[in-house]
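Residue-level structure breakdown
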Amino acid sequence: MLFEKIPFELKNIPQWVLWKLEQRRAGAKPTKVPYSSTGQHASVNDPSTWATFEEVITAFGDNKTYSGIGFVLTKHQTDHSIVVIDIDGCVKNGGLDNESRDIISRFDSYTERSQSGEGIHIVIRGSKPGERSRTRNIEIYDDLRFIVFTGDHVKGTPSHIEERQPELINLYNHLFPAQTPFHEVGPVKGPNLEDETVLKLARKANNGARFEMLYSGKWSAYNSQSEAEQALCNMLAFYTKNPEQIDRLFRNSGLMRDKWNRDDYRERTISKALEGVVVQYNNPSNSTKLNNNIPQPREFDETEFDFIFNPRPEFDGKLGEAALYGLAGEIVRFIDPHTEADPAAVLINFLTMYGNMIGDSPHFVVSGGKHRMRLFAVLVGATFRGKKGTSLDPVLKLMNAIDVEFNERKKSGLSSGEGLIYSVRDQVIESRPVMEGKGKDKRPTGEYEDVIIDPGVEDKRLLVVESEFGSVLNVLRREGNTLSAIIRNAWDGSGEIRTLTKNPLQASRSHISILGHITPEELRKLLTGNEIHNGFVNRFLWLYVQQSKSLPSGGEFHKLDVEPIVNRIKETCDYAMNGMPLDDNGDALPMERDEAANQLWERIYEPLQRDATGIIGASTSRVIPYVMRLACIYALLDLSNIVRVEHLRAALALWDYCYKSVVFIFGEQELTNDPIISKILSRLKEQSEGLSLTDINDLFKGTVKSDELQGAVKKMQDNGLITVKTIPGRGRPKRLIELNQSSEIA
């Protein structure tokens, strides 16, 4: 954090709090929760919970559970107050958009980057001239609000706070022009279309499948129903600028709920939709009658107009807050402000490295077999935007501070099974005859002695980091290569790995962990059916990762004092390696679950083993041992050889993320590999008018059972490839299956 850059005049005002990112209820988004310097919940209405700048900085440094600091805005009657203009999502690809750049220039006051790195805060003195606070991505606050401060000062802006009341009035009037209540609206500019015409046009547009999904009430592709409702209104506003018509059409949609009857919510949603319309549907015929020759809206690239809809990002898997339990979570939060890497990537890097550092002594037993804390994980993401490589560096810095030889035990270049064994090979001793005499008189004595011909590797802990995991998959394709089998054996049991060649290599009690990086396209291309089904792929955790934020100037991790957190990791390593309860032979006792964790385990044991087939099923079939390995690592980080409920929940949250990643990475391939689905998709592309269930049955000429066909249709529908419409008729309604225009599956 760069708190020293926060303006001096703010530091002198005793209105500071701390904050944590917390999930207040199940299923809700995490929110920033304010805390006092004494650790109690703070309130923007209660000055007794605020503190001086020095007090919160001290509390922040002493307790690493806090995410940052914030300032409480209060409106003064005598002079102008502190006002913050918050612009979200304006930092893209390391630069500001034009509107934000213009606003920053006009106010010419202290400006800093937001905590996400994707927005900015402009801090001025003034008084907000009205009650409204937010429109589009811009918010203006001056009272009853706490604002997160980072000190990440935007270069070129003043280091102090300026009074900018005239500029504030101008911006406010621009953002919030006086609006006439809906019932007083006069003639409406734009196309004058009947309700039926609007609906038909919207359904036939390029984004018609998404409109149909929303209008039918399905909003699972959005973070919340409110976002989905905004998206639907945005689409309607393209065809009509009449707020009453938008309201009427919305009320007939499947998204209609009681919240819509709230005047403030309804009018705000419609107003925002109308404000965002920069391109309007043009009806050249000026016809308001529904007919078969309805003019189509002008084609455009939907990505160019964000007002059309606002779906979730490409990958909608979210790392559950439970996965950030305990010390592991603290480490991720400690690193997160200073890296663009995905928190999930930082987490799995730490858990994998920690599991490797503590060696093979900690274990748990399943059906008589011992499972050590060995993790094999692959980060899957775009070449640059995945930020896979940057997730390694800060964790490596922490682990090297714990053990100066850790980096020496990190290798790369998996080219053969023999090479992997050689890195952790056993000592080789050969029995040779004892000789006496010299030169020609040298003779064997009849006795033998052991001679060390290879000292081997004493420390069997090896961390393999493959930044080009595709090269590993290419090696597996070579005929006769033993790497796949050796990797599988290295994950299992006691770590005994060997070759069966004429001059065999052997490693006993090897403790190997693997971290790999690859792009989704390369993974799908190179992963063969053999590796999918022979147990190679299910020995890895697959995590889809994305860039978490933009840090144009880089983070400040290299400036942080890591000693306190390093000492805590050292303590847990010492416990795992030397402090575990021992049996009569001096070996560590196996880790176990307590009674509460056992009860939870019994409830989830069967559901956890999902009935998935194909690539997804093969990739996740080792869920039981993997969840327990993760749970045991979380327990060890708590200085415990007993797995408690919180450790098990943390492991389950991380596994859930891995499962969603696998579905996202391999889901498309899984579908197109299904011969039934592949054949249906091919026919749908030939018949744009769609297929009935009878047509699909005829396609297979009765060779496929009805329930299999219905299952295939449901799978395609669940994955967004098709839309199933019910068409009423005189008799039984007809179901028509249409290929979604957004589908790109070949």
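Here's what I pulled together on the structure shown here. (Residues numbered from 1 in each chain as written. Predicted model: local features only at pLDDT ≥ 70, side-chain atom pairs only at ≥ 80, totals over all residues. Heavy atoms only, no water.)

Here's the deal with the overall build of the chain
So the rule is basically this: Helix and strand definitions here come from DSSP, where helices need a minimum of 4 consecutive H or I residues and strands a minimum of 2 consecutive E residues; each element is numbered from the N-terminal end. Exposed residues in this analysis have more than 50% of their type's maximum accessible area, buried residues have under 20%, and partly exposed residues fall in between, with area computed by a 1.4 Å probe over protein chains only. Only heavy atoms matter for contacts: two residues are in contact if any of them lie within 4.5 Å across the pair. The Shrake-Rupley method, run with a 1.4 Å probe, gives the accessible areas here. Residue values count only the displayed protein chains as cover.
Helices and strands together make up the secondary structure of the chain, namely 25 helices and 28 strands. Taken across its 746 residues, the chain has 48% of its residues classed as buried. Counting only contacts in the chain whose residues sit at least 6 apart along the sequence, the fraction spanning at least 24 positions is 74%. When the accessible surface of the chain is totalled, it reaches about 36,600 Å², and 47% of it is carbon and sulfur.

Some details on the sheet that holds strand β15 (residues 376–380)
For the record, the criterion: Note on pairing: two strands pair once DSSP finds at least 2 bridges between them. Axis definition: a line fitted to C-alpha atoms, limited for helices to the stretch in contact. Angles are taken between N-to-C directions and run from 0 to 180 degrees.
Read from one edge of the open sheet, 5 strands run β16-β19-β22-β15-β23, paired in parallel fashion. For this open sheet the edge positions go to β16 (410–411) and β23 (541–544), each flanked by a neighbour on one side alone. As paired strands, β15 and β23 are joined by 4 bridges and run parallel to one another. Along β23, the bridge assignment pairs L379 with L543. Sheet strands touched by helix α11 (residues 343–357): β15, β19 (461–466), β22 (511–518) and β23. Its angle to β22, the strand with the most contacts, is close to 160°.

Remarks on the sheet that holds strand β27 (residues 722–727)
The strand order across the open sheet built from 3 strands is β26-β28-β27, with neighbouring strands paired in antiparallel fashion. Each end of this open sheet is capped by a strand with a single partner; those strands are β26 (691–692) and β27.

Describing the pattern of salt bridges
As a reminder of what qualifies: Definition used for salt bridges: Asp or Glu carboxyl oxygen within 4 Å of a side-chain nitrogen of Lys or Arg.
A complete count under the given rule lists 28 salt bridges for this structure. As a salt-bridge pair, D656 and K660 come within 3.3 Å of each other at their nearest N and O atoms. One end of the pair is D656 and the other is K660, both in helix α22 (residues 645–672) and 4 residues apart, which spans about a single turn. Judged by relative accessible area, which is 26%, D656 ranks as partly exposed. In this structure, R683 and E686 form a salt bridge, with 3.3 Å as the shortest nitrogen-oxygen distance. Of the two residues, R683 and E686 are both situated in helix α23 (residues 675–686); the distance of 3 residues between them amounts to about one turn of the helix. We classify E686 as exposed; its relative accessible area is 60%. Through salt bridges that share partners, D403, R409, D459 and R461 make up one connected network.

Topic: the packing of helix α3 (residues 98–107) against helix α4 (residues 165–175)
Note the cut-off: An angle below 35 degrees is treated as roughly parallel, one above 145 as roughly antiparallel, one from 65 to 115 as roughly perpendicular, and anything else as oblique. Side-chain classes are defined by residue name, with Ala, Val, Leu, Ile, Met, Phe, Trp, Tyr, Cys and Pro counting as nonpolar, Asp, Glu, Lys and Arg as charged, and the others, Gly among them, as polar.
Where α3 contacts α4, the two axes come as close as 10 Å, and the packing angle between them is 150°. As the angle between them shows, α3 and α4 are arranged roughly antiparallel. Between α3, through I103, R106 and F107, and α4, the contact on the second element is made entirely by E167, L168 and L171. Within the contact of α3 with α4, the residues separate by chemical class into 4 nonpolar, no polar and 2 charged.

Notes on the environment of L560
Along the chain, L560 turns up in the loop between β23 and α18 (563–579). Given a relative accessible area of 22%, L560 falls into the partly exposed group. As a C-alpha pair, L560 and F334 span 226 residues in sequence and 9.4 Å in three-dimensional space.

What about unusual backbone geometry?
Although it is not a glycine, D108 sits at a positive phi angle of roughly 45°. Note that D108 resides in the loop between α3 and β7 (111–113). Here the phi dihedral of L639 falls at roughly 55°; this positive angle occurs in a residue that is not glycine. With respect to the helices and strands, the residue L639 is situated in the loop between α21 (623–636) and β25 (642–643). Residue class for L639 comes out partly exposed when judged on its relative accessible area of 34%.

Describing the packing of helix α10 (residues 326–335) against α11
We count it as follows: Put simply, a crossing is left-handed when the front helix is turned counterclockwise from the back one by less than a right angle, and right-handed when it is turned clockwise.
Following both chains from N to C, one finds α10 and α11 inclined at 130°, their axes separated by 9 Å at the closest point. Regarding the angle of α10 to α11, the classification is oblique. Note on packing geometry: the crossing formed by α10 with α11 is right-handed. Contacts from A328, I331, V332 and I335 in α10 reach P343, V346, L347, F350 and L351 in α11. For the contact of α10 with α11, a count of residues per class yields 9 nonpolar, no polar and no charged.

Notes on the packing of aromatic side chains
What counts here: Only centres within 6.5 Å qualify two rings of Phe, Tyr or Trp (six-membered ring in Trp) as a pair; their planes then separate them into stacked at under 30 degrees, edge-to-face at over 60, and tilted for everything else.
What the rule picks out here adds up to 20 aromatic pairs. With a centroid separation of 5.6 Å and an interplanar angle of 75°, the aromatic rings of F3 and F60 are classed as edge-to-face. On the criterion of sequence distance, the pair formed by F3 in the segment before α1 (8–11) and F60 in helix α2 (residues 53–62) is long-range, its members being 57 residues apart. You'll find F3 and F60 in the same group, each marked buried. Aromatic side chains W260 and Y265 sit 6.2 Å apart centroid to centroid with 85° between the ring planes, which places their arrangement in the edge-to-face category. Neither W260 nor Y265 differs from the other in exposure class; each is buried.

Remarks on the side chain of T620
By the element assignment, T620 lies in the loop between α20 (614–619) and α21. In this structure T620 touches W655, Y659 and V662, once residues within four positions along its chain are discounted.

Here we look at α10
Three or four residues apart is the spacing at which side chains of an α-helix point the same way, because the helix has 3.6 residues per turn. By the criterion of burial, α10 is predominantly enclosed, with 8 of the 10 residues buried. Listed as buried for α10 are L327, A328, G329, E330, I331, V332, F334 and I335. Elements in contact with the buried residues of α10: α11, α12 (393–402), α18 and α21.

Concerning the nonpolar core
Our working definition: Here, nonpolar core means buried Ala, Val, Leu, Ile, Met, Phe, Trp, Tyr and Cys residues that are tied together by side-chain atoms lying within 4.5 Å of each other.
Membership of the largest hydrophobic core comes to 117 residues, with the highest contact counts inside it found for L347, F350, L351, Y354, L543 and L654. Among the elements that line this core, the one with the most residues is α22, at 13 residues. For L351, the contacting residues outside a window of four places in its chain are A328, L375, L630, I633, Y634, L637 and L654. Counting 26 residues, the second largest nonpolar core, distinct from the first, contains V198, L214, Y215 and L255.

With respect to the environment of L691
Relative to the assigned elements, L691 resides in strand β26. For L691, a relative accessible area of 2% translates into the label buried. L691 sits 45 residues away from L736 along the chain, and the two C-alpha atoms are 5.6 Å apart. Leaving out residues up to four positions away in the same chain, L691 has contacts with I680, R683, L684, I696, R735, L736 and I737.

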